[in-house]
Amino acid sequence: MTPAATLAAAQAAATGPGFLSPTGVEIAFVLVGLAALGAALVTVTTRQLVHAALWLVVALGGIAVEYLLLTAEFIAWVQVLIYLGSVVVLLLFGLMLTKAPIGRSPDADSGNRWIALGVAAVAAVALVWVVVDAFRTTWIDLDGPVQGSTKVSGEILFQHWVLPFEALSVLLLAALIGAIVLSRRNTPAEDGVASDKGQR
């Protein structure tokens, strides 16, 4: 090998992978990400609450596929089991128990759409900046050992993130109890009927 070829190979190894030659996995990652982003936008813009919950299923499912493409199988199935199997079902039960309107709801918009859009844009820019700054030189070797295996993820979760994990379970339980309490609260008309029956 000539010195020039050796130098070119060393420079290519030092610079790492490039953006000009994406692999099939990277293309699929971008496409699934765009689909999940579109589903998320429909979730927050639709005026039908049930449709919003169903589009949320699509968005969270897209995130699970993204985890699979990043070779984090355990995190992907946790995403499916907890978010798709629990949180979305909890939202649907909350909609049913609180007697929320099933069809189009004109009052679902509070009128603060532009403020919410500004806050969302600022939060998105901040999150993208933090992630890019933290993982600027980090590359995932898709052909190497699995990074998101059950053993590694379980050790990190139950050694360093036990308290947030338990706090999330308490939060879900509180949301379910709150939905039940709201669904069992009597309306003023029902209170009047109950008082009339008591007087008789």
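The shown structure was predicted, so the numbers you read here are calculated from the model rather than taken from an experiment.

What counts and how
- Residues numbered from 1 in each chain as written.
- Predicted model: local features only at pLDDT ≥ 70, side-chain atom pairs only at ≥ 80, totals over all residues.
- Heavy atoms only, no water.
- Helix = DSSP H or I, 4+ residues; strand = E, 2+ residues; numbered from the N terminus.
- Buried < 20%, exposed > 50% of the residue type's maximum accessible area, 1.4 Å probe, protein only.
- Contact = heavy atoms within 4.5 Å.
- Areas by Shrake-Rupley, 256 points an atom, 1.4 Å probe, with all protein chains shown as cover.
- Patch = residues over 30% accessible without salt bridge, like charges linked within 9 Å, V, L, I, M, F, W, Y side chains within 5 Å.
- Salt bridge = Lys/Arg side-chain N within 4 Å of Asp/Glu carboxyl O.
- Axes fitted to C-alpha atoms, helices over the stretch in contact; angles between N-to-C directions.
- Parallel < 35°, antiparallel > 145°, perpendicular 65-115°, else oblique.
- Nonpolar A, V, L, I, M, F, W, Y, C, P; charged D, E, K, R; others polar.
- Expected span 1.5 Å × (residues − 1).
- Bend = angle between axes of the 7 residues up to and from the residue.
- pLDDT = per-residue confidence, 0-100.

## Brief notes about the overall build of the protein chain
Within the protein chain, the secondary structure is distributed over 8 helices and 0 strands. Put simply, the protein chain has 200 residues, and 14% of those count as buried. Summarising the internal contacts of the protein chain: among those between residues at least 6 apart in sequence, 73% fall at separations of at least 24. Of the accessible surface of the protein chain, which amounts to about 14,900 Å², a share of 72% is contributed by carbon and sulfur atoms.

## A few points about the side chain of Gln79
Among the structural elements, Gln79 can be located in helix H4 (residues 73–97). Given the relative accessible area of 7%, Gln79 is considered buried. Excluding its chain neighbours within four sequence positions, the residues that come into contact with Gln79 are Leu60, Ile63, Ala64, Tyr67 and Leu84.

## Some remarks on a nonpolar patch on the surface
A surface patch of nonpolar side chains, about 830 Å² in accessible area, is lined by Ile27, Phe29, Val30, Leu31, Leu34, Leu37, Leu41, Val44 and Leu70. Counting through the fold element by element, Leu37 comes out in helix H2 (residues 24–45). Take Leu37: its relative accessible area is 49%, and that puts it in the partly exposed class.

## Quick look at the environment of Val80
Mapped onto the secondary structure, Val80 falls in helix H4. Considered as a pair, Val80 and Gly61 are 19 residues apart in the sequence and their alpha carbons are 6.9 Å apart. Excluding residues within four positions of it along the chain, Val80 makes contact with Ala64 and Gly85.

## Looking at the packing of helix H3 (residues 49–69) against H4
Where H3 meets H4, the closest approach of the two axes is 8 Å, and the angle between their N-to-C directions is 175°. Taken together, the axes of H3 and H4 lie roughly antiparallel to each other. Of the residues in H4, those in contact with Leu49, Val50, Ala53, Leu56, Val57, Leu60, Gly61, Ile63, Ala64, Tyr67 and Leu68 of H3 are Glu73, Ile75, Ala76, Gln79, Val80, Tyr83, Leu84, Val88, Leu91, Leu92 and Leu95. Looking at the contact of H3 with H4, its residues break down into 19 nonpolar, 2 polar and 1 charged.

## Points about H4
Every α-helical turn comprises 3.6 residues, leaving residues that sit three or four positions apart pointing alike. Taking 1.5 Å of rise per residue, the 25 residues of H4 would be expected to cover 36 Å, and the 34 Å separating its terminal C-alpha atoms lies within 8% of that figure. Along its length, H4 shows its largest kink, about 25°, at Tyr83. The set of residues buried in H4 consists of Ala76, Gln79, Val87, Val88, Leu90, Gly94 and Leu95.

## Focus: the confidence of the model for the protein chain
The share of residues in the protein chain with pLDDT of 70 or more is 69%, and the mean pLDDT across the chain is 75. Mean pLDDT across the secondary structure elements of the protein chain bottoms out at helix H1 (residues 3–15), with 51, and peaks at H2, with 90.

## Some details on the environment of Gly61
For Gly61, the position within the fold is in helix H3. Gly61 gets classed as buried once you look at its relative accessible area, which sits at 19%.

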